[in-house]
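Architecture at a glance
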Amino acid sequence: MTQDDSDTSGTTPARRKRSDGLRTIERVLKAAEDEMAEFGFVKFNLDRVMEKSGVARSSVYHHFGGRDGVIAALETSSTMRSLERGTAEFEAFLDTLTSGEKAFELIELGVRSFRSSENRSMRQRRISSLAAAHNSAAIREVLANDQQSGTEAVARIIEKARDNGLCNPIEPILGVAYVIQSMLVGRILVDISEDPALDTQWEDAAIATLRQILRPT
């Protein structure tokens, strides 16, 4: 490897480019968040976002594809932050529990809440973001980074529950965390059916599956 291929820390040009791209995306999303808070969706103005972020139009369009891409990436990031806050609260609450069954009761309540209109809207936004990611490098970056950090947060909860003697997972913890995340998104298939009976059947099956995987003690 030549000196031009890496800096003194061993970072390759490809990694530096990705890092620079992530910083650009973060600047745009921060400005977009401020714009959305002040003006809302209807009056959301991409020119103001570019001015506030200091990012050139060509770069914004390269990463996001335009106004809709910026909004989609912003919604994706906001959704994942909301999920991370929920997992952080649950992780802190684990220290107050002395029974795996009590912990699993909370999981069951969470699964039963998946049918709520708020959670349904969240799933719809995530599916829309996944579709938009095909045409937006920025959304792919946001999805990849936030999904990884969100899943790692779920894995930490499972690991902490295991260490506290609340469960005994039968599969690798990170794999279990990804299965849980997949279940949350895949719930959209039941949403489409508009069938309350199927809602209950899915919840029962999901709870039984999680019980088998997590094995509460």
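Below is a short write-up of the structure. Keep in mind that what you see is a predicted model, and the values were worked out from it rather than measured.

**Things to note about the pattern of salt bridges**
Under the criterion given, the structure shown has 20 salt bridges. Across the pair Asp-191 and Arg-123 runs a salt bridge, and its minimum N-O distance is 2.7 Å. With Asp-191 in helix α9 (residues 188-193) and Arg-123 in helix α6 (residues 117-132), this pair connects stretches of sequence that are 68 residues apart. Taking the relative accessible area as the measure of exposure, Arg-123 reaches 5% and is therefore buried. In this structure, Arg-187 and Asp-191 form a salt bridge, with 2.8 Å as the shortest nitrogen-oxygen distance. Here Arg-187 matches Asp-191 in class, with each residue buried. Within this structure, Glu-108, Arg-112, Arg-115, Arg-120, Arg-123, Arg-187, Asp-191, Glu-194, Asp-199, Glu-203 and Asp-204 form a network of salt bridges that share partners.

**Thoughts on the packing of helix α4 (residues 67-93) against helix α7 (residues 137-163)**
At a minimum axis separation of 10 Å, α4 and α7 run at an interaxial angle of 10°. When the axes of α4 and α7 are compared, the pair comes out roughly parallel. Across the interface between the two elements, Gly-69, Ala-72, Ala-73, Thr-76, Ser-77, Met-80, Glu-84, Thr-87, Phe-90 and Glu-91 from α4 touch Ile-139, Val-142, Leu-143, Asp-146, Gln-147, Ser-149, Gly-150, Ala-153, Val-154, Arg-156, Ile-157 and Lys-160 from α7. Looking at the contact of α4 with α7 residue by residue, the classes come out as ten nonpolar, seven polar and five charged.

Rules of the game
Residues numbered from 1 in each chain as written. Predicted model: local features only at pLDDT ≥ 70, side-chain atom pairs only at ≥ 80, totals over all residues. Heavy atoms only, no water. Salt bridge = Lys/Arg side-chain N within 4 Å of Asp/Glu carboxyl O. Helix = DSSP H or I, 4+ residues; strand = E, 2+ residues; numbered from the N terminus. Buried < 20%, exposed > 50% of the residue type's maximum accessible area, 1.4 Å probe, protein only. Axes fitted to C-alpha atoms, helices over the stretch in contact; angles between N-to-C directions. Parallel < 35°, antiparallel > 145°, perpendicular 65-115°, else oblique. Contact = heavy atoms within 4.5 Å. Nonpolar A, V, L, I, M, F, W, Y, C, P; charged D, E, K, R; others polar.

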